[in-house]
Every structure is written in C-alpha cells, then in structure tokens.
Amino acid sequence: MHPLRFITALFVSLLATITLTACGGGGGSANDGGLSGKLVITGSSTCAPVISEAAKRFEQLHPGVRIDVQTGGSGRGIADVGKGTAQIGMASRALKDAEKQTLSAHPFASDGVCIILHKSNPVTELTSEQIVAFYTGQTTNWKDVGGKDAAITVVNKAEGRATLEVFLEFFKLKNPDIKPAVIVGENEHAIKTVVGDVNAIGYVSIGTAEYSAGSGTAIKLLPAGGIPATTKALADGKFPISRPLILVTKPQTNPLTKAFIDYCQSKEIHDLIASQYFVPASR
Amino acid sequence: MTSSPRNISSLHRADAALLWTLRGLAAVAGIVVVLIVVFLVLESLPALRSIGLLRFLRDQSWYPLSDQFNMMPMVAGSLAVTLGAIVLATPLGIGSALFCRYYAPRPIADFYRGIVQVLAGIPSVVFGFWGLVVWVPLVTQSLLAGILILALMILPTIALLAETSLAAVPVLYERGAAALGLTRWAMIRRVMLPAARSGIVTSIILAIGRAIGETMAVVMVCGNVVQLPDSLFAPIRTLTANIALEMSYAGEAHRSALFVSGLLLMFIVVLLVAVAQWISKESDHA
C-alpha cells in the first residue's frame, strides 16, 4: 500500500509538473484574477496531503502562483510562520494561548478517531478508564467489562500515525506504556484486523470506520462520552476524540495568502478532505 | 557464409562490441548496488551521528518518538521468521522437485510444475491478505503466521531451482547408477542430490533473500509488536515491516533512524550471502 501510494503521488506530481509547464508556456491568463507570486507552506504531515493537492488545484486556477508545501510537524509550521520563513503553517492541533497572541488560526477540517470492536462483540460502550485499562494491560479479559470470557486483543497504531497521536492525547497515554497484541499501519489494516479477530479492540479515523461499517464490514463504532461516533457529530464539533486541522498565518496577510486560505475553506476542496477521511470544518 | 579474412575481423569487432556491452551491463548492476548502499549510509548518517550506533543495540525498546531506538528485537524477528520459513520450505521444496523429476508421471509432473510456477507469481499482498483472513484466526497475528505464509512464498523458488539443477546433472550419472542396479531412492540420495548440491544450496540462498526482504505479507500477519519473540504465537516485527509501517509519516530524525533498519537489513543479507558461499565452497571441497 505504501509503495503504491508513493508511486501514485510521484506520478500525480509528475503529471502536475507537465501540465503546469504546459500552462506556463501557453500563458493561460483567462482565470488568474491578477494573483501571482510564491507561497511557502510548512508543517503537519497530517494536513499536507490535503493542502498539497489543494495547492496544485490553486496553481492551475492561477498560473502565476507557485506554492511550495513542505512537511515537518505542526511545531515547525507554527515556528516557520513566526519566523517569516513560511507564509502559512499547517497544524493538526489548536493554537496554544501564547501562540494566539501573535498568530491567527484558520480551521479547514477536523480529524476524529473512534474505538472499534467486532460487530459480534456484546459490549456496546466503554468508559475512558476502561479503554485506558485495556491499552495498558491492566484489564485483559472481556468478562471484566461485561463481555465474553475471552482475552482482549489490543490493536495499536505504528509510531508517527496521526490517529495514534490523537488517541494518546485524548486518553493521556504514552506509547511505551501501551501493551499491544498487534500493531498496524493504515486504518484499513486496523479494520481488517478487528474483522479477523472477534476479541479485538482498535481505533481508526471516524470517516474510514463509518464508511466501512456502512458498506457491511463486521465492525461497530463505540460512542465516546455518550456521543455517537459519526462524521456528523465530528463536523458539529461534538465528538470529543478529535482535533482541528488548521492553517496558521500572521494576523496581517497579503492578498495571495488570503486567497489561498479562502480556497482551502471553500467547498472546492471538500472532496480532498473526504479522501483523507477528515470532515470539513464548519464555518 | 564465406570465410574471408574480412568476415573474421568483423566477427572480432562484433565480439568486442558484445564484450563491452556486457561489461557495461555488469557495471550498471554492480554500480546500482553500490549506489543503494551509499544512499542508505548517507540517509542513516544523521541518526547514527546524533543517536550513536550503540543505542540501536542497547536501548530499552523501539519508540523513536519517545527517544528509544533498540532494533535488536526486529533483527531477531527478521531472523526468526526467515529461519522458520526456510526450515519448513526446504524439505518441501526439495521433495517437490524430486517428485516432479523422478516419481510423477510426465503429464502430472508438467501440471504440477505449472501450479508451482503460478504459486511463484502470486503477489505478496495477496498472500498477506489471504494469511490475514485464513491463517490469523487460527494462529493469531504471530511469528507462526509469518513463518507459514513466508514458507509458502519461498517454496516455489526452492522447488523450481532445485528441479532445474537436478535436470542439469549429466544423464550418464543416472544411467550409470541404473546400470549398477541401485534403487531409485539410492540413486537420488547417493548420486543425484550430491551432484546437484551447489544448485540446491543456491536455491536456498535465494529463498532466504526473498524471505528476509519480504514486507507486505509480513506486515499483515505478524502483529508488528516490537519484542523478542518468546514463543511461536508471540507477535513480532521485522526490519522491513518497521520501514513500511513508519516511513510514510516519519519526521526527519525518525526517518533517518528508519534508514538504519534498512542498512542493518543490507548488512544481514551480505552476511548471509557470505556464509552461504562459504558453505557451498566447503561442500564442494568435501
């Protein structure tokens, strides 16, 4: 899956380069609205897939514009805007109070994570304490929470995954304290693992889980704090295990920066947001 | 065709052209390996400098984002799953080659060989998914699941190459053995297998190379927990799985640490090839 995705990305970027070069030669001035210049965007690798695709579309709409998207984590994105080495930073968390003094945040999407079980598992709700006890190895049998007498298969994510970060932050866990039986990469891999093991517990992006459960996959999504795990609850800002995906700028922005941020908050990129299993931010 | 001197000299020229083409192609193959190693070293250097080689061997575990970098459990995982697969696949592969060459009637042998060739062509992600759906419910995501899947994946390599090297044994050996009145099994054991030994050893080396480098299938069935396996049912993570799982979302320091797994893997493969060559040389002398 990774090599494939990499090759696709390579191919797409190659194609984009070719198309862009072609456009440059033709001097397509039909649609550029007078915008030109160069934008540097750095930051969260969670946001990057959406923003770099959005940037490619934006460049096609405005042939005079060049946008350079680099990753390096939310911290780098915020720091780069502060230093002025980037016009826009990408972050997969809300700004801290100190950062709000000098920077402004422009949310474009939300990322939510929900707990999944096998559909045949009789357990329908778990408290945060129970989930923490599962993942730290204090509870190892489903009967302790009213389920069958069977060992719990704890499914965790590999280091660096955004879903892992959201999960750890929400449950106040540190990855070395987790005692997993299986570690997976992609959301799909987590879902297949839970489908293949009736005693498994895992967590994935809400969008992926909702789509899989909707198309008949044998998983069930657990509510969190009484809120059902749906993309709607996430979009309404009600679902607790979530985080905003934001673009960060200085309070005063130039027209090009503002135009790109407006573009990223518009319906134009909702398909890109959905393709990464995020939900668009409500405006 | 005439045999004028001119023709002979042009033959020489053609030979020279061929020679230089072959030299060029061989150089490309060699240079690619060297370039990959150089690339791995360059990418690993930042991690090796800032973290130091010793911590990759001695840290508590592998949590690169919590500053723990021990790769030894993954080295053990890679070696354990490869060893298990080879132990299973070698007798099966050689047995299947013997069956095909000496015991099966011609049509059955041809059909069977075709099946083994198809087995060789199944993509690893299919093996992985099949393993996840069929084997994992029986044996959980574990070292054993990895061994079973890998054994099936490398079986055709051993079976097909072993049969080819048996076929390359001079037919006189077979006739001589028959003339001496040896039973079929005695002929195979005393004459054919020893004569085909170096080819069979080579097939096993290639199978080891495929097993230790396999990624997709292993990621899907082994559980990927970083720990020294204490039983066949314990989940393990291999060096290749480590790269596949973490590379796409890794930041700079983490990425460089992952390239150290690649470097380590390369080192293990070089070591295995050296050992295998030494073994096959020893057995030639014996």
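As a convention, each chain's residues are numbered from 1 in the sequence order in which they are written. To read the labels, note that chains go from A and ligands from 1, taken in the order they are written. Reporting in this predicted model follows two pLDDT cut-offs: at least 70 for local features of residues, and 80 or more for side-chain atom pairs to be given and counted; totals over whole chains, interfaces and linings ignore these cut-offs and use all residues.

## A look at the overall build of chain B
1) Next: In terms of regular secondary structure, chain B is built from 12 helices and 2 strands.
2) Next: Ordered by position in the sequence, the α and β elements of chain B form the string α-α-β-β-α-α-α-α-α-α-α-α-α-α.
3) Next: With the principal axes as the frame, chain B shows a C-alpha extent of 70 × 55 × 35 Å.
4) Next: With C-beta atoms placed from the backbone, a residue is buried if 20 or more other C-beta atoms are within 10 Å of its own, exposed if 12 or fewer are, and partly exposed between those counts. For chain B, buried positions account for 38% of its 286 residues.
5) Next: Working definition of a contact: two residues with C-beta atoms, positioned from the backbone, lying within 7 Å. For chain B, restricting intrachain contacts to residue pairs at least 6 apart in sequence, the fraction spanning at least 24 positions comes to 75%. The way it works is that DSSP assigns letters per residue, a run of H or I at least four long becomes a helix, a run of E at least two long becomes a strand, and they are numbered from the N terminus.

## Quick word on the overall build of chain A
1) Next: Scanning chain A for helices and strands turns up 11 helices and 10 strands.
2) Next: Considering chain A as a whole, with its 283 residues, one finds that 42% of them fall into the buried category.
3) Next: A sequence separation of at least 24 residues applies to 71% of the contacts in chain A between residues at least 6 apart.

## Description of the interface of chain B and chain A
1) Next: Taken together, the contact pairs 27 residues of chain B with 21 residues of chain A.
2) Next: The element contributing the most residues to the side of chain B that touches chain A is helix α5 (residues 124–139) of chain B, with 4 residues.
3) Next: Residues that form the side of chain B that touches chain A fall into these classes: 16 nonpolar, 9 polar and 2 charged. Each residue is assigned to one class: nonpolar for Ala, Val, Leu, Ile, Met, Phe, Trp, Tyr, Cys and Pro, charged for Asp, Glu, Lys and Arg, and polar for all the others, Gly among them.

## Examining the packing of helix α3 (residues 72–103) of chain B against helix α9 (residues 197–213) of chain B
Residue and element names in this part refer to chain B.
1) Next: Viewed as axis vectors pointing N to C, α3 and α9 meet at an angle of 140°, and their least axial separation amounts to 9 Å. Judged by the inter-axis angle, α3 sits oblique to α9. Taken as a pair, α3 and α9 cross one another with a handedness that is right-handed. Along the contact surface, α3 presents Ser78, Thr82, Ala85, Ile86, Ala89, Thr90 and Ile94, while α9 presents Ile200, Ile204, Ala207, Ile208, Ala211 and Ile212. Fitted lines through C-alpha atoms give the axes, limited to the stretch in contact for helices. The angle between two N-to-C directions lies from 0 to 180 degrees. Put simply, angles under 35 degrees are roughly parallel, angles over 145 are roughly antiparallel, angles from 65 to 115 are roughly perpendicular, and the rest are oblique. Here a crossing is taken to be left-handed if its near helix is turned anticlockwise relative to the far helix by less than a right angle, and right-handed if that turn runs clockwise.

## What about the pairing of strand β4 (residues 104–118) of chain A?
Residues and elements named next belong to chain A.
1) Next: Two strands are counted as paired when DSSP detects at least two bridges linking them. Bridging between β4 and strand β9 (residues 242–249) involves 8 bridges; their strand directions are antiparallel. Paired with Pro107 across the two strands is Ile246, which belongs to β9.
2) Next: The pairing of β4 with strand β10 (residues 279–280) spans 2 bridges and is classified as antiparallel. By the bridge assignment, Ala109 is partnered in β10 with Pro280.
3) Next: As paired elements, β4 and strand β7 (residues 200–205) share 5 bridges and run antiparallel to each other. Counterpart to Val113 in the pairing with β7 is Ser205.
4) Next: Two elements, β4 and strand β8 (residues 219–221), share 3 bridges in a ladder whose sense is antiparallel.

## Observations regarding helix α6 (residues 143–167) of chain B
Residue and element names in this part refer to chain B.
1) Next: Expected helix span is taken as 1.5 Å per residue step, with the number of steps being one fewer than the number of residues. With 25 residues, α6 ought to run about 36 Å at 1.5 Å a step, and its terminal C-alpha atoms sit 35 Å apart, in line with that.
2) Next: The largest bend in α6 amounts to roughly 35° and is located at Ile154, with the proline Pro156 lying one to four residues further along.
3) Next: With 22 of its 25 residues buried, α6 lies for the most part within the structure. We define the bend at each residue as the angle formed by axes fitted to the 7 residues ending at it and the 7 residues starting at it.

## Digging into helix α8 (residues 206–214) of chain A
All names here are of chain A.
1) Next: Among all positions in α8, only Ile206, Gly207, Thr208, Ala209, Glu210 and Ser212 are buried.
2) Next: Next to the buried residues of α8 lie β4, α7 (187–196), β7, β8, α9 (231–235) and β10.
3) Next: Among the residues trailing α8, Gly216 stands out with phi positive, at a value near 90°.

## A look at the confidence of the model for chain B
As a general rule, the predicted coordinates of low-pLDDT regions are not to be interpreted in detail.
1) Next: As a per-residue quantity, pLDDT reports the predictor's confidence and falls between 0 and 100. Taken over all residues, the pLDDT of chain B has a mean of 90, while the share at 70 or more is 95%.
2) Next: Interface predicted TM-score (ipTM) for the complex: 0.80; the corresponding pTM is 0.78.

## Regarding the nonpolar core
1) Next: In this structure, Ile51, Cys114 and Ile116 of chain A together with Ile149, Ile154, Ile158 and Val221 of chain B are the most contacted members of the largest nonpolar core, which totals 141 residues.
2) Next: Examining the composition of this core, we find that 17 residues originate from one element, α6 of chain B, more than from any other.
3) Next: Setting aside residues up to four positions removed in sequence, Val221 of chain B forms contacts with Gly128, Gly131, Leu132, Trp135, Val136, Gln141, Ala145, Gly146 and Ile149 of chain B. To count as a nonpolar core, a set of buried Ala, Val, Leu, Ile, Met, Phe, Trp, Tyr and Cys residues must be joined through C-beta atoms within 7 Å.

## A closer look at the environment of Lys100 of chain A
Residues and elements named next belong to chain A.
1) Next: With respect to the helices and strands, Lys100 occurs in helix α4 (residues 97–102).
2) Next: Overall, the presence of 11 C-beta atoms within 10 Å leaves Lys100 in the exposed class.
3) Next: For the pair Lys100 and Val248, spaced 148 residues apart in sequence, the C-alpha to C-alpha distance is 9.8 Å.

## Quick look at the pairing of β9 of chain A
Residue and element names in this part refer to chain A.
1) Next: Among the 8 residues in β9, 7 count as buried, and that is most of the element.
2) Next: Here strand β3 (residues 88–91) pairs with β9 via 3 bridges, running antiparallel. When the sheet's bridge partners are listed, Ala91 is paired in β9 with Ile246.

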